[in-house]
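What follows is each chain in one-letter form.
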Amino acid sequence: MSNSADPHGASVRKLANAMLRTAVVPGAVTVVLGMLVAAVLAGTSGLVSALIGGAVAFGSSLLTIWMMHAASRLPVKMEMALVLGSYNVKVFLLLAVMMTLGGVEGIHRMSLALTMLASFVVWASAEAFAFKRAKIPTIIVSGS
């Protein structure tokens with residue numbers, strides 16, 4: 001479908017790309033900072049745990065961008081339900097991963113949790129900033 005035939009889908013894809021461009025660097029910096037702080041405070045266990053927490057949060061954030069691209073080809077109501085539903089599932093799964101990995105021997109639970117949380121919050125904040133800054137209409141009136 002061309003962008004002129006699907007203005008809503010095109011705007012969602014444009015927004016997803018803007019969110020990705022805006023969030024990748026701050027998200028990666030947050031993971032690295034979390035790893036450094038965890039390594040200093042908790043040693044190798046903290047470093048590895050922070051890396052795992054950051055990677056899980058970073059990966060789930062990339063999955064959200066992919067979901068926006070995939071959903072942009074659906075009817076608007078289905079797209080909204082899918083994106084919002086997947087966001088809720090993502091938050092639940094992040095919590096489940098944190099709770100599951102937190103009990104594994106050798107994992108520094110606080111390093112895992114704080115790096116995951118910080119990465120998630122920084123990425124979501126960058127997405128909100130990208131949305132605010134994006135020059136796309138939020139309401140597209142059908143021409144028909």
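Residues numbered from 1 in each chain as written. Predicted model: local features only at pLDDT ≥ 70, side-chain atom pairs only at ≥ 80, totals over all residues. Heavy atoms only, no water.

- In the annotation of an unreviewed UniProt entry, the entry for the chain reads ATP synthase protein I, and the organism field reads Saccharopolyspora kobensis.

### So, the UniProt feature "transmembrane region" (unreviewed entry) in the chain
In step 1: UniProt feature "transmembrane region" (unreviewed entry): in the numbering of this structure it lies at residues 20-41, 47-68, 80-101 and 107-126.
In step 2: Helix makes up 90% of residues 107-126 and strand makes up 0%, while its end C-alpha atoms are separated by 28 Å. (UniProt positions renumbered as here; feature names shortened; annotations may be inferred. Helix = DSSP H or I, 4+ residues; strand = E, 2+ residues; numbered from the N terminus.)

### Quick word on a nonpolar patch on the surface
In step 1: On the surface, Val25, Val29, Val32, Leu33 and Leu36 cluster together to form a nonpolar patch covering roughly 450 Å² of accessible area.
In step 2: Structurally, the position occupied by Val29 is in helix H1 (residues 7-71). (Patch = residues over 30% accessible without salt bridge, like charges linked within 9 Å, V, L, I, M, F, W, Y side chains within 5 Å. Areas by Shrake-Rupley, 256 points an atom, 1.4 Å probe, with all protein chains shown as cover. Salt bridge = Lys/Arg side-chain N within 4 Å of Asp/Glu carboxyl O.)

### Details of the packing of aromatic side chains
What describes a pair of aromatic rings is the distance from one ring centre to the other and the angle between the planes of the rings.
In step 1: In this structure the tally under the stated criterion is two aromatic pairs.
In step 2: Seen from their ring centres, Phe58 and Trp123 are 5.0 Å apart, and the 85° between their planes marks the pair as edge-to-face. Within this pair, whereas Phe58 is found in helix H1, its partner Trp123 is found in helix H3 (residues 109-133), the two being separated by 65 residues in sequence. (Phe/Tyr/Trp six-rings, centres within 6.5 Å; stacked < 30°, edge-to-face > 60°.)

### Looking at the confidence of the model for the chain
The predicted coordinates ought not to be read in detail in places where the model reports low pLDDT.
In step 1: With 91% of its residues at a pLDDT of at least 70, the chain reaches an overall mean of 87.
In step 2: Of all the helices and strands in the chain, helix H2 (residues 76-102) carries the lowest mean pLDDT, 84, while H3 carries the highest, 94. (pLDDT = per-residue confidence, 0-100.)

### Digging into the nonpolar core
In step 1: In terms of nonpolar packing, the biggest core is built from twelve residues, these being Val12, Leu15, Ala16, Met19, Ala23, Ile65, Met68, Trp123, Ala126, Ala130, Ala134 and Ile136.
In step 2: In this view, Leu15 contacts Met68, Ala130, Phe131, Ala134 and Ile136; residues no more than four positions away in its chain are not counted.
In step 3: One finds Ile107, Ala113, Met116 and Phe120 within the second-largest nonpolar core, a separate group that totals eight residues. (Core = buried A, V, L, I, M, F, W, Y, C linked by side-chain atoms within 4.5 Å. Buried < 20%, exposed > 50% of the residue type's maximum accessible area, 1.4 Å probe, protein only. Contact = heavy atoms within 4.5 Å.)

### Re the side chain of Thr64
In step 1: Tracing the backbone through its elements, the reader meets Thr64 in helix H1.
In step 2: Take Thr64: its relative accessible area is 13%, and that puts it in the buried class.

### A look at the side chain of Ser60
In step 1: Positionally, Ser60 belongs in helix H1.
In step 2: Judged by its relative accessible area of 11%, Ser60 is buried.
In step 3: Those residues in contact with Ser60, other than ones at most four positions away along the chain, are Lys90 and Leu94.

### Considering the packing of H1 against H2
In step 1: Interaxial distance between H1 and H2 falls to 13 Å at its minimum, and their mutual angle equals 10°. Taken together, the axes of H1 and H2 are roughly parallel relative to one another. For the pair H1 and H2, contact is made by His8, Val12, Ile52, Val56, Ala57, Ser60, Ser61, Thr64, Met67, Met68 and Ala71 and by Val76, Glu79, Leu82, Val83, Ser86, Lys90, Leu94, Val97 and Leu101, respectively.
In step 2: Its residues placed into classes, the contact of H1 with H2 shows 13 nonpolar, five polar and two charged. (Axes fitted to C-alpha atoms, helices over the stretch in contact; angles between N-to-C directions. Parallel < 35°, antiparallel > 145°, perpendicular 65-115°, else oblique. Nonpolar A, V, L, I, M, F, W, Y, C, P; charged D, E, K, R; others polar.)

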